[in-house]
Amino acid sequence: MKILKFGGSSIRDAERIKNVINIVKNDFKNNNIVGIVFSAFQGVTDDLLSLSMMAADRNELYVSEFLKIKERHLKVSADLLSAKTRLKTESSILSLLDELEEILKGVYLIKELSAKTLDFILSFGELLSNAIISLAFLESKIENELLDAREIIITDRNFGSARVFFDDTDKNIINYFKHHKKLQIITGYIASTSQKETSTLGRGGSDYTVSIIGAALEVEIIEIWTDVNGVLTADPKKVRDAFSISNMDYEEAMELSHFGAKVIYPP
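In what follows, the accompanying structure is described.

Things to note about the sheet that holds strand S3 (residues 144–147)
- Taken in spatial order, the five strands line up as S3-S5-S2-S1-S8 in an open sheet, and their pairing is parallel. Of all strands in the sheet, those bounded by a partner on one side alone are S3 and strand S8 (221–225). Looking at each pair of strands side by side, their axes are set apart by 20 degrees on average, direction ignored.
- Direction of pairing for strand S2 (residues 33–38) relative to strand S5 (residues 183–187): parallel, over a ladder of four bridges. By the bridge assignment, Ile36 is partnered in S5 with Ile185.

As structure tokens, then:
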């Protein structure tokens, strides 16, 4: 039994998402996978952060930036899904986009962006990507359920980098998966407080999401898929001849992550 995670670069467009579906199909036939955690599409979290700041500064350019995000998600949906599926389901995606637009309008009007509001805005990256991906899996004959991680992961109110309450969270995860046997498509990065407020686990938090769920379920393997081949000796975008490290223990991995290697999220 295992759980997978795919980051933003792995799902940046329709072609990448189709590739992910093909990767999953083989394991899915063997009933190996209990869930897959997905991030927002590549760059979307940064875009949401940027336009939130614009809205708070009363910069009307936030509207055009929001429309770019809207068009991008609708394009991925159009490229991935049949017209019949889109007719049935696009309303849910548009509903999320309408809600996001309303929140941004509120930030613009009151000129205030609290950490709590920002977490709520940033959550839409994962909510949108996972909604589209879940539908794409269904069209590929892979039965699944969409799981909003806010239902199971409970945190404190330290918005932006919330601390997980593991007693409550582990109980929620075990109970949820006991009653849901289909493949779960799970939003990374986001959680909720005991007061049902949206919180986030810090940038890179989708890796944390898959680890939290995998640990609670005591899965045999947690696979974190990315567009580089393992842990490299340097950032391959900056160092051409960087190469994969064949073996690494947990202490070495932790040290790397604490010194800024983004391939592993410290928590």
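Focus on the layout of surface pockets
- Taken as a whole, the second largest pocket encloses approximately 270 Å³ of empty space.
- Residue lining of the second largest pocket: 14 residues in total, with Met1, Val34, Phe177, His180 and Lys181 positioned closest to the centre.
- Residue assignment for the lining of the second largest pocket shows that the elements contributing at least two residues are S2 and helix H6 (166–179).
- Residue classes in the lining of the second largest pocket are distributed as eight nonpolar, three polar and three charged.

Some words on the sheet that holds strand S7 (residues 198–200)
- Pairing is mixed in the open sheet, where three strands are placed in the order S4-S6-S7. Lying at the two open borders of the sheet, with one neighbouring strand each, are strand S4 (154–155) and S7.
- Pairing geometry for S4 and strand S6 (residues 190–193), over two bridges, is parallel. Residue pairing in the sheet places Thr155 in a bridge with Thr193 of S6.

Re the pattern of salt bridges
- This structure, assessed with the given rule, holds 13 salt bridges.
- Between Lys105 and Glu102 there is a salt bridge, with its nearest N and O atoms 3.6 Å apart. Here Lys105 pairs with Glu102, and both are found in helix H4 (residues 83–110), just three residues apart, close to one helical turn.
- Residue classification places Lys105 among the partly exposed positions, given a relative accessible area of 37%.
- Glu197 serves as the salt-bridge partner of Arg157, at 2.8 Å between the closest nitrogen and oxygen. Placement of the pair is Arg157 in the loop between S4 and H6 and Glu197 in the loop between S6 and S7, with a sequence separation of 40 residues.
- Judged by its relative accessible area of 47%, Arg157 falls in the partly exposed class.
- Given a relative accessible area of 11%, Glu197 falls into the buried group.
- Sharing partners across several salt bridges, the network here consists of Lys116, Arg157 and Glu197.

As for the environment of Phe243
- Of note, Phe243 is situated in the loop between S8 and helix H8 (250–258).
- Owing to a relative accessible area of 53%, Phe243 belongs among the exposed residues under this scheme.
- Note: C-alpha distance between Phe243 and Glu197 (46 residues apart in sequence) is 42 Å.
- If we ignore the near neighbours within four places in the chain, the residues touching Phe243 are Val231, Leu232 and Thr233.

Some thoughts on the packing of helix H1 (residues 14–29) against helix H5 (residues 115–139)
- Interhelical geometry of H1 versus H5 gives an angle of 55 degrees and a closest axis separation of 11 Å. In terms of their interaxial angle, H1 and H5 are classed as oblique. Here H1 and H5 pass one another in a crossing that is right-handed. Of the residues in H5, those in contact with Ile17, Val20, Ile21 and Val24 of H1 are Ile133, Ala136 and Phe137.

Parameters and conventions
Chains are numbered independently. Their residues run from 1 in the order of the written sequence. The predicted nature of this model means local features are confined to residues of pLDDT at least 70 and side-chain atom pairs, given and counted, to a pLDDT of 80 or more, with totals for whole chains, interfaces and linings taken over all residues. As a convention, hydrogens and water are excluded, and side-chain values are obtained from all of the structure's heavy atoms. Strand pairing is assigned whenever DSSP identifies at least 2 bridges connecting the two strands. A run of DSSP states H or I qualifies as a helix once it reaches four residues; a run of E qualifies as a strand once it reaches two. Both are numbered from the N-terminal end. Think of each axis as a best-fit line through the C-alpha atoms, taken over the contacting stretch in the case of a helix, with angles from 0 to 180 degrees between the N-to-C directions. Two kinds of site are reported from a 1 Å grid over the protein atoms alone, namely cavities, where a 1.4 Å probe fits but cannot get out, and pockets, open sets with protein on both sides within 12 Å along at least five of seven lines, and residues are called lining when an atom falls within 4 Å of a point. Grid points are joined across faces, edges and corners, and a volume is the space filled by probe spheres set on the points. For this classification, Asp, Glu, Lys and Arg are treated as charged, while Ala, Val, Leu, Ile, Met, Phe, Trp, Tyr, Cys and Pro are nonpolar and the rest, including Gly, are polar. Note on definitions: salt bridges are taken to be side-chain nitrogens of Lys or Arg within 4 Å of carboxyl oxygens of Asp or Glu. Each residue gets one of three labels from its accessible area relative to the maximum for its type: buried under 20%, exposed over 50%, partly exposed in between, using a 1.4 Å probe on protein chains only. The contact criterion used throughout is that any non-hydrogen atoms of two residues lie within 4.5 Å. Roughly parallel means an angle under 35 degrees; roughly antiparallel means over 145; roughly perpendicular covers 65 to 115; every other angle is labelled oblique. Left-handed describes a crossing whose near helix is turned anticlockwise from the far helix through less than a right angle; right-handed describes the clockwise counterpart.

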